[in-house]
Number of protein chains: 2
Amino acid sequence: MELLKQRILNDAKVKDDEVLKVDMFLNHQIDVELLNEIGKEFRRIFPDKGITKILTIESSGIGIACITAQYFGVPVVFAKKTESRNIDNDVYESQVHSFTKGITYTVRVSRNYIDSSDNVLIIDDFLAKGKAAMGLCDIAEQAGARINGVGIVIEKGFQDGRNILEARGIKVESLAIVDSMKNGNIIFK
Amino acid sequence: MELLKQRILNDAKVKDDEVLKVDMFLNHQIDVELLNEIGKEFRRIFPDKGITKILTIESSGIGIACITAQYFGVPVVFAKKTESRNIDNDVYESQVHSFTKGITYTVRVSRNYIDSSDNVLIIDDFLAKGKAAMGLCDIAEQAGARINGVGIVIEKGFQDGRNILEARGIKVESLAIVDSMKNGNIIFK
């Protein structure tokens, strides 16, 4: 997606050759106009009219998923990372390790909001080692739902998330694939 | 907002006379069509053309803020609750106590994304004792930004959040104000 790649080149910052900071437009301050273009692109890439839900994970996935959901006419369900007394006890859960934050957390989705009649599109901001996406796939599979695919805004093409997902037969589409960030130079695939 | 009140009466569940569960349409599964009506209503209630940013807090505020921001044509900034190596060190921060979760956390906004030229609309899903909204106001004030107002989807009218905010001269508008939830009966103001 050219508009997104240009925005990354113009604004994103590379830290330590591995961390791509896009908090100026994607995951701290959010450019909602750009998200609308992202949402339209996801609709184009995942044209299946049978998609019933968009599944994402808090927090950075939520805004992207909500704006995107407008183009699919379906609700969003987001997996929660923390225990809260406001979530049902009756949940699907999976373990997700965050290399960025250096912790493993339990992600949960209430059994009320995904079931075997669902055909879910999984949306997230980043794909790196694939842990968050795999956790969401795991939850969708526990629910017996069909996984239509995984839609990612920015993929780190030099990490193995895509391989892990594709090895499980899951379709992965990323709007921008970063192949290298050596010395602060962002090179797309 | 009649549509919202009807939805609460139809779907929401009361727990322990104080907790209103709306995770079937607002903060776990998200009805994006309803959010669009909520966004339009916030635009009607806060007509100021000078609003420059919508400020909210992760996670439940993000979807509401993003959909609403489409009607204002401005970016969203969401305060983060957890330390992450991906946030700038140069942040505004405030302490927020969550009675729902029983913890106090530090909320942070990068100094890059709010400044004294901003006129911010604060948006959140719930107003109860006002701690999250006060934390966001505190951050906006540290930045020297003007606070246009606080827009809330569901206010617990039997708690003192509104009084605390109004005592600081802040305009509060809620789309549904619940006056009582005794014995599971939801009564609006």
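Residues numbered from 1 in each chain as written. Chains lettered and ligands numbered in written order. Predicted model: local features only at pLDDT ≥ 70, side-chain atom pairs only at ≥ 80, totals over all residues. Heavy atoms only, no water.

K.L.:
Could you clarify how one ought to interpret the overall build of chain A in this entry?
P.N.:
Secondary structure summary: chain A contains 5 helices and 11 strands in total. In summary, chain A has a C-alpha radius of gyration of 16 Å against a globular reference of 16 Å for 189 residues, a match within 12%. Across its three principal directions, the C-alpha atoms of chain A cover 45 × 35 × 30 Å. When the 189 residues of chain A are sorted by exposure, 58% land in the buried category. Look at the contacts in chain A between residues 6 or more apart in sequence, and 61% of them connect residues 24 or more apart. Summed over all atoms, the accessible surface of chain A reaches about 7600 Å², with 43% contributed by carbon and sulfur. (Helix = DSSP H or I, 4+ residues; strand = E, 2+ residues; numbered from the N terminus. Rg over C-alpha atoms; globule rule 2.2 N^0.38 Å. Buried < 20%, exposed > 50% of the residue type's maximum accessible area, 1.4 Å probe, protein only. Contact = heavy atoms within 4.5 Å. Areas by Shrake-Rupley, 256 points an atom, 1.4 Å probe, with all protein chains shown as cover.)

K.L.:
Please clarify how the sheet that holds strand β3 (residues 29-30) of chain B should be interpreted in this entry.
P.N.:
Strands belonging to one sheet form pairs held by backbone hydrogen bonds; the direction of such a pair is parallel or antiparallel. Taken together, 7 strands build an open sheet; the order of strands is β11(A)-β10(A)-β9(A)-β8(A)-β4(A)-β5(A)-β3(B) and the sheet is mixed. For this open sheet the edge positions go to β11 (187-188) of chain A together with β3 of chain B, each flanked by a neighbour on one side alone. Of the strands in this sheet, β9 (146-156), β10 (172-180) and β11 of chain A touch helix α1 (residues 2-11) of chain A, which is tilted by about 35 degrees from β10 of chain A. Its contacts with the sheet put helix α3 (residues 60-69) of chain A on β4 (53-57), β5 (76-79), β8 (119-127) and β9 of chain A together with β3 of chain B, and the angle it makes with β4 of chain A is roughly 165 degrees. (Pairing = 2+ DSSP bridges. Axes fitted to C-alpha atoms, helices over the stretch in contact; angles between N-to-C directions.)

K.L.:
Looking at this model, I keep getting lost on the nonpolar core. Mind explaining?
P.N.:
Nonpolar side chains in soluble globular proteins tend to be buried together. Counting residues in each nonpolar core, the largest one holds 136 residues, and the members touching the most others are Leu4, Ile8 and Ile38 of chain A together with Leu4, Ile8 and Ile38 of chain B. With residues near it in sequence (within four places) discarded, Ile38 of chain A still touches Met1, Leu4, Leu26, Ile64, Val153 and Leu175 of chain A. (Core = buried A, V, L, I, M, F, W, Y, C linked by side-chain atoms within 4.5 Å.)

K.L.:
Looking at this structure, how should I read the relation of the copies chain A and chain B?
P.N.:
One copy of the chain maps onto the other through a rotation about an axis plus a displacement along that axis. When chain A is fitted to chain B, the best match, at an RMSD of 0.0 Å, comes from turning it 180 degrees and sliding it 0.0 Å along the axis. Accordingly, the operation relating the two chain copies is best matched by a two-fold axis. In this assembly the copies share their binding face: 100% of the residues contributing to the interface of chain A also contribute to that of chain B. (Least-squares fit on C-alpha atoms with pLDDT ≥ 70 in both.)

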